[in-house]
Amino acid sequence: MAEALVGIVANPMSGRDVRRLVAQASVFPTAEKANMVQRLLGALAAVGVGRVLVSTDLGGISAGVLRAWRQRRPGRDAPWPEVEFLDGWVPAGSAADTVRAVEHMVRAGVRVVVCLGGDGTARVAAQAVGAVPLLPLSTGTNNVFPQLREATVAGLAAGLVATGAVAGGSVLRRASVLRVVAGSRREVALVDVAVSSALHVGSRALWDPSTLTELYCTFAEPDGIGLSSVAGLLRPSGRDEAEGVALRLGAGGRVVRAPIAPGLIRSVGVRECRVLGVGETVVVRTASGVIAVDGEREIEFGPGVVPSVRLCAEGPWCVDVRAVLRRAAEESLLVE
């Protein structure tokens, strides 16, 4: 078997939107993100991964990892795989950096991409990863899609899949996605699409539900955070289920007290809540406004544009960390 190659992408901007100011959202400092990458590297080496590609950034994560790599002492520190930092371009400090890094890693032949960020980071990584398994780790403000996992455990799972010690077919889950079309704009959401009657994008992060008119979710967990929790408290739908949830929001129906952001519980009026079927296309009823994907406002549309939302089952393949480690226990893969 060829050398196992893993990619690690860490977003230095995750967890820095307006929700940190209007709520009590967690903050992941740059130093902690760099430490998470280091813990990933140690775990990957422990299960036989020989080489890792690491994204570069202007926020200090890659610099922290490089500094730690240079200070390592043979015989004292646990081994790392060979680390290669992506270069050849100047990071722009935007989502394009994540896309470019993931595309480079896919071309290089990585077998797993580990992504550190929130829902927005996972969304752009998922669009570039293709058929390569994705393991998103939570370091953002709203973290519905990424897994809240210790990096050491996640690294073991990623390495066991990358080396082939655990067959990917039994521990990978294919996520559903929502595809949005609004005129010439095309966007994809991993968790939810929200329609607002507000006229401008403004601050991209969504934290005030008063202008929301429609909400579509790929899954809706009652113990989740973010807008999808509104649907989860009315009609729970697990992320392993094919169907999603569609809601019409506003006064005149039930009122849900939902945790729409960390530390921020708001009353949201729901006029209609129903199952959203796979392959179903819904035409947006709101005449003009803004569409948010995975909690970030992206698309402005006017009366001349009729947006649509479609639930599709062909999303990214994601590593199920618990399933990988359960298989490792069953087969004594980490027992000498």
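Further up the page is the structure itself.
Residues numbered from 1 in each chain as written. Predicted model: local features only at pLDDT ≥ 70, side-chain atom pairs only at ≥ 80, totals over all residues. Heavy atoms only, no water.

What to know about the overall build of the protein
- Tallying secondary structure elements over the protein gives 8 helices and 17 strands in all.
- For 336 residues, the compact-globule estimate of 2.2 N^0.38 gives 20 Å, and the C-alpha radius of gyration of the protein, at 20 Å, lies within 12% of that figure.
- Each principal axis of the C-alpha atoms in the protein carries an extent, and together these give about 65 × 40 × 35 Å.
- The proportion of buried residues among the 336 residues of the protein is 52%.
- In the protein, of all internal contacts separated by at least 6 residues, the share reaching a separation of at least 24 is 69%.
- With an accessible surface of roughly 14500 Å², the protein has 51% of that area assigned to carbon and sulfur atoms.
- Computing the positive centroid from 36 side-chain charges and the negative centroid from 32, the protein places the two 3 Å apart. (Helix = DSSP H or I, 4+ residues; strand = E, 2+ residues; numbered from the N terminus. Rg over C-alpha atoms; globule rule 2.2 N^0.38 Å. Buried < 20%, exposed > 50% of the residue type's maximum accessible area, 1.4 Å probe, protein only. Contact = heavy atoms within 4.5 Å. Areas by Shrake-Rupley, 256 points an atom, 1.4 Å probe, with all protein chains shown as cover. Lys, Arg positive; Asp, Glu negative; His and termini not counted. Charge placed at Lys NZ, Arg CZ, Asp CG, Glu CD.)

Some remarks on the side chain of Thr-286
- Checked against the element boundaries, Thr-286 lands in the loop between strand 13 (281-283) and strand 14 (289-293).
- Its relative accessible area of 14% is what places Thr-286 among the buried residues.
- A polar contact is formed between the side chain of Thr-286 and the side chain of Thr-213, at a distance of 2.6 Å.
- Residues in contact with Thr-286, not counting those within four places in the same chain, are Val-195, Thr-213, Glu-214 and Phe-301. (Polar contact = N/O pair within 3.5 Å; in protein donor to acceptor, adjacent residues only side chain to side chain.)

Some points on the side chain of Thr-139
- Tracing the sequence through the fold places Thr-139 in the loop between strand 5 (134-138) and helix 6 (151-162).
- By relative accessible area, Thr-139 is classed as buried at 0%.
- At a separation of 2.9 Å, a polar atom in the side chain of Thr-139 contacts the main-chain amide nitrogen of Gly-117.

Observations regarding the sheet that holds strand 9 (residues 192-196)
- Ordered in space as 12-11-10-9-14-15, the 6 strands form an open sheet in which the pairing is antiparallel. Taken across any chain shown, the strands that pair with only one partner, and hence form the sheet edges, are strand 12 (264-276) and strand 15 (296-301). Strand after strand, the sheet turns through a mean of 35° between neighbouring axes, direction not considered.
- Bridging between strand 14 and strand 15 involves 5 bridges; their strand directions are antiparallel. Residue pairing for strand 15: Gly-289 is matched across the bridge by Phe-301. (Pairing = 2+ DSSP bridges. Axes fitted to C-alpha atoms, helices over the stretch in contact; angles between N-to-C directions.)

Re helix 8 (residues 321-330)
- Listed as buried for helix 8 are Val-321, Ala-323, Val-324 and Ala-328.
- For helix 8, the elements touching its buried residues are strand 5, helix 6 and strand 17 (317-319).
- Structurally, the start of helix 8 carries an N-cap: the backbone nitrogen of Arg-322 is 3.2 Å from a side-chain oxygen of Asp-320.
- Trailing helix 8 by a residue or two, Ser-332 shows a phi angle of about 55°, which is positive.

Considerations on the sheet that holds strand 13
- Strand order in the open sheet formed by 4 strands is 8-7-16-13, and the pairing between neighbours is antiparallel. Of all strands in the sheet, those with a lone pairing partner are strand 8 (185-189) and strand 13, marking the two edges. Ignoring which end each strand starts from, the neighbouring axes of this sheet average 20° apart.
- The sheet contact formed by strand 7 (residues 177-182) and strand 8 spans 5 bridges and is antiparallel. Bridging across to strand 8, Leu-178 finds its partner in Ala-189.

Here's the deal with the pattern of salt bridges
- Applying the stated rule across the entire model yields 12 salt bridges.
- Among the salt bridges present, the one from Glu-32 reaches Arg-39, with a minimum N-O distance of 3.1 Å.
- On the accessibility criterion, Glu-32 (25% relative accessible area) is partly exposed.
- A salt bridge links Arg-51 to Glu-84, with the nearest nitrogen and oxygen atoms 2.9 Å apart. On the criterion of sequence distance, the pair formed by Arg-51 in strand 2 (residues 51-54) and Glu-84 in strand 3 (residues 82-85) is long-range, its members being 33 residues apart.
- Given the relative accessible area of 21%, Arg-51 is considered partly exposed.
- Via salt bridges that share partners, Arg-123, Arg-185, Glu-187 and Glu-298 belong to a single interconnected network. (Salt bridge = Lys/Arg side-chain N within 4 Å of Asp/Glu carboxyl O.)

Some points on the packing of helix 2 (residues 30-46) against helix 3 (residues 61-71)
- Contact pair helix 2 / helix 3: the axes reach a minimum separation of 8 Å and the direction vectors enclose 50°. The angle between helix 2 and helix 3 falls in the class oblique. Crossing geometry of helix 2 relative to helix 3 is assigned as right-handed. Contacts between helix 2 and helix 3 pair Thr-30, Lys-33, Ala-34, Val-37, Gln-38 and Leu-41 from the former with Ile-61, Gly-64, Val-65 and Ala-68 from the latter.
- Considering only residue class, the contact of helix 2 with helix 3 consists of 6 nonpolar, 3 polar and 1 charged. (Parallel < 35°, antiparallel > 145°, perpendicular 65-115°, else oblique. Left-handed = near helix turned anticlockwise from the far one by under 90°. Nonpolar A, V, L, I, M, F, W, Y, C, P; charged D, E, K, R; others polar.)

Thoughts on the packing of helix 4 (residues 95-108) against helix 5 (residues 119-129)
- For the pair helix 4 and helix 5, interaxial distance at closest approach is 8 Å and the crossing angle is 35°. As for the relative orientation of helix 4 and helix 5, their crossing is right-handed in sense. Residues Ala-95, Thr-98, Val-99, Val-102, Glu-103 and Val-106 of helix 4 lie in contact with helix 5, whose contacting residues are Thr-121, Val-124, Ala-125, Ala-128 and Val-129.
- Across the contact of helix 4 with helix 5, the residue classes break down as 8 nonpolar, 2 polar and 1 charged.

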